[in-house]
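Listed here are the chains, written in short residue letters.
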Amino acid sequence: MNHLIGWHHLDHAEWNQALKSSLRLGQQGKAWDRRAEGKSLCLMFFNPSLRTRASMEVASAQLGARATTISPGAGTWQMAFDDGAVMDGPEAEHIQEAVGVLSKYFDAIGVRVFASLSDYHKDSREYLINRFAAAADVPVINLESAFCHPCQELADASTIMEALDGDPRGRKFVLTWCYHPKALPMAVANSAVSMAARLGMDVVVARPEGYELDETVMNRARQYAEAAGGSLTESTNQDEALAGAHVVYAKSWAGRAVYDDPDAEAASRAQLHDWRVTEERMSRTDNGVFMHCLPVRRNVVVDDGVLDGPHAIHLRQAEYRLYAQKAILESVWNLKSAPG
Ligand code: CP
């Protein structure tokens, strides 16, 4: 089955092909070419979305496919995931039936199902999205799961390639943790590290003590970096880490050390308001560009002066979500390459 759960499940050739397609589609802009005429796509959002939902719907339309969006529990039944679930609570439907039915109607199913943020073991094993993929008879596309966001990852790589004139190797990429009033999943951070490492960049993860990323994710990224001539290091000093950066990627994620204890996690994070991207901190970079996957909390995660300044490329990054989604549909459905 041609699932896209995470790029790390696919080989470099498939990643490179998707990146090439995304960049080519990015040059074409809002092109309609109907290469997927007759295809249908189900988009299931267990969590909110603006960019992923809108870009996937528009990408489908521009390729001539039909997308149907479902928000379980809001107009459709709430769903149970576990084997052996005794369904005497609010969940009226099990994913086994729901995905079985949808596999008969659609040619692919996209699903967004976030981390629990209370069970690290389950989240790091991608329990929920893997349950989905196991129940499906058609390709499943990960629209952000507990531990990775492959659609964002492809768009981010495309944005960096374009911003750094096609050769990011050896340039400094800093993924910096930032304060956020809520605990957030690690998915985007994991994907960002992986993507920058694959591009051969010198990757630095700047984060407070206790906010380490998963060892499996870091080890894999280290291997990608070494293979591509880059490096991967960590820092607990945001100011030092940002010195000389060419790309600054801001993101918040839940504290690893207190992940399974939401109250302790909130207490830990509350001490870390100073982890924010400011104009002063950006001035330490080497004319670095600023990226964020969005949505972003202004003047909490990053200051207005950075977002509204000349080095912010977060809107082009969000635009690339559309081109990346089309490249992903091309890959999942084995479509012909776009003309041009
Ligand atoms: N970056 C991203 O996935 O945005 P949405 O949550 O709005 O889809």
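These figures come from a predicted structure and were not determined experimentally.

A. Just the site of the ligand, in detail. Close contacts around the ligand come from Ser 49, Leu 50, Arg 51, Thr 52, Arg 112, His 149, Gln 152, Cys 293, Leu 294 and Arg 321, and that covers them all. Contacts to the ligand include Arg 51, whose backbone N or O atom sits 2.9 Å from an oxygen atom. His 149 has a polar side-chain atom sitting 2.9 Å from an oxygen atom of the ligand. Burial of the ligand by the surrounding chains reaches 94%, relative to a free accessible area of 250 Å². With respect to the detected pockets, the ligand is housed in the largest pocket. For the shell around the ligand, the class distribution of residues is three nonpolar, four polar and three charged.

B. Main features of the layout of surface pockets. Estimated volume of the largest pocket: approximately 600 Å³. Tallied by class, residues from the lining of the largest pocket come to 13 nonpolar, seven polar and seven charged. Two domains each put at least three residues into the lining of the largest pocket: domain 1 (7-148 + 318-333) and domain 2 (156-313).

C. Spotlight on the nonpolar core. Counting residues in hydrophobic clusters, the biggest one holds 93 residues, and the most contacted among them are Ile 141, Phe 173 and Leu 175. Ranked by residues supplied to this core, first place goes to helix H13 (residues 314-332) with eight residues. Here this core spans two domains, and each of domain 1 (7-148 + 318-333) and domain 2 (156-313) adds at least three residues to it. The residues contacting Phe 173, other than those within four sequence positions of it, are Ile 160, Ala 192, Met 195, Ala 196, Met 201, Asp 202, Val 203, Val 204, Val 247 and Tyr 249.

D. Molecular detail of the sheet that holds strand E1 (residues 40-45). If you walk across this open sheet you meet the four strands as E2-E1-E5-E6, and the pairing is parallel. With partners counted over all chains shown, the strands left at the sheet margins are strand E2 (66-70) and strand E6 (140-142), one partner each. Each adjacent strand pair in this sheet contributes to an overall mean axis angle of 20 degrees, direction not counted. Across three bridges, the pairing between strand E5 (residues 108-112) and E6 is parallel. Bridge assignment links Val 111 to a residue of E6, and that residue is Asn 142.

E. Spotlight on the sheet that holds strand E8 (residues 202-206). The strand order across the open sheet formed by five strands is E9-E8-E7-E10-E11, and the pairing between neighbours is parallel. Two strands lie at the open edges of the sheet, namely strand E9 (231-235) and strand E11 (289-291), each paired on one side alone. Here the average twist between neighbouring strands, direction ignored, is 20 degrees. Of the pairings in the sheet, the one linking E8 to E9 comprises five bridges and is parallel in character. Paired with Val 203 across the strands is Leu 232, a residue of E9. Contacting strand E7 (172-177), E8, E9 and strand E10 (247-251), helix H7 (residues 187-198) runs over the sheet at an angle of about 170 degrees to E7.

F. Geometry of the domain arrangement of the chain. According to the domain assignment, the chain consists of domain 1 (7-148 + 318-333) and domain 2 (156-313). For domain 1 versus domain 2, the distance between C-alpha centres works out to 25 Å. The interface is formed by 24 residues belonging to domain 1 together with 28 residues belonging to domain 2. A combined buried area of about 2,200 Å² lies between domain 1 and domain 2, and 61% of that area is made up of carbon and sulfur atoms. Of all residues in domain 1, Leu 117, Tyr 120 and Phe 147 bury the most surface against domain 2, accounting for 32% of the area lost on that side. Across the contact surface, domain 1 and domain 2 share zero salt bridges. Our count for the contact surface shared by domain 1 and domain 2 stands at 10 residue pairs in polar contact (both at pLDDT 80 or more). For the side of domain 1 that touches domain 2, the secondary-structure elements that each account for two or more residues are helix H1 (12-28), helix H4 (120-124) and H13. It is H1 that provides the largest number of residues to the side of domain 1 that touches domain 2, a total of six residues. Grouping the constituent residues of the side of domain 1 that touches domain 2 by class yields 13 nonpolar, seven polar and four charged.

G. Inspection of the pattern of salt bridges at higher detail. Going through the model one piece at a time under the given rule, you end up with 21 salt bridges. Two residues, Glu 330 and Arg 35, come together in a salt bridge whose shortest N-O distance is 2.8 Å. With Glu 330 in helix H13 and Arg 35 in the loop between H1 and E1, the pair connects residues that are 295 residues apart, well separated along the chain. Per residue, the accessibility class of Glu 330 equals that of Arg 35, and both read buried. Ionic pairing is found between Asp 274 and Arg 281, a salt bridge with its closest N-O pair at 3.1 Å. Using a relative accessible area of 51% as the deciding quantity, one classes Asp 274 as exposed. Because the salt bridges share partners, they merge into one network encompassing Asp 239, Asp 274, Glu 280, Arg 281 and Arg 284.

The rules behind each value
Residues numbered from 1 in each chain as written. Predicted model: local features only at pLDDT ≥ 70, side-chain atom pairs only at ≥ 80, totals over all residues. Heavy atoms only, no water. Near = heavy atom within 4 Å. Polar contact = N/O pair within 3.5 Å; in protein donor to acceptor, adjacent residues only side chain to side chain. Areas by Shrake-Rupley, 256 points an atom, 1.4 Å probe, with all protein chains shown as cover. 1 Å grid on protein atoms, 1.4 Å probe; cavity = no way out; pocket = protein on both sides within 12 Å on 5 of 7 lines; lining within 4 Å. Sits in = over half its atoms within 2 Å of the grid points. Nonpolar A, V, L, I, M, F, W, Y, C, P; charged D, E, K, R; others polar. Points joined across faces, edges and corners; volume = space filled by probe spheres on them. Domains from an automatic or database assignment. Core = buried A, V, L, I, M, F, W, Y, C linked by side-chain atoms within 4.5 Å. Buried < 20%, exposed > 50% of the residue type's maximum accessible area, 1.4 Å probe, protein only. Helix = DSSP H or I, 4+ residues; strand = E, 2+ residues; numbered from the N terminus. Contact = heavy atoms within 4.5 Å. Pairing = 2+ DSSP bridges. Axes fitted to C-alpha atoms, helices over the stretch in contact; angles between N-to-C directions. Buried area = accessible area lost by both parts, 1.4 Å probe. Salt bridge = Lys/Arg side-chain N within 4 Å of Asp/Glu carboxyl O.

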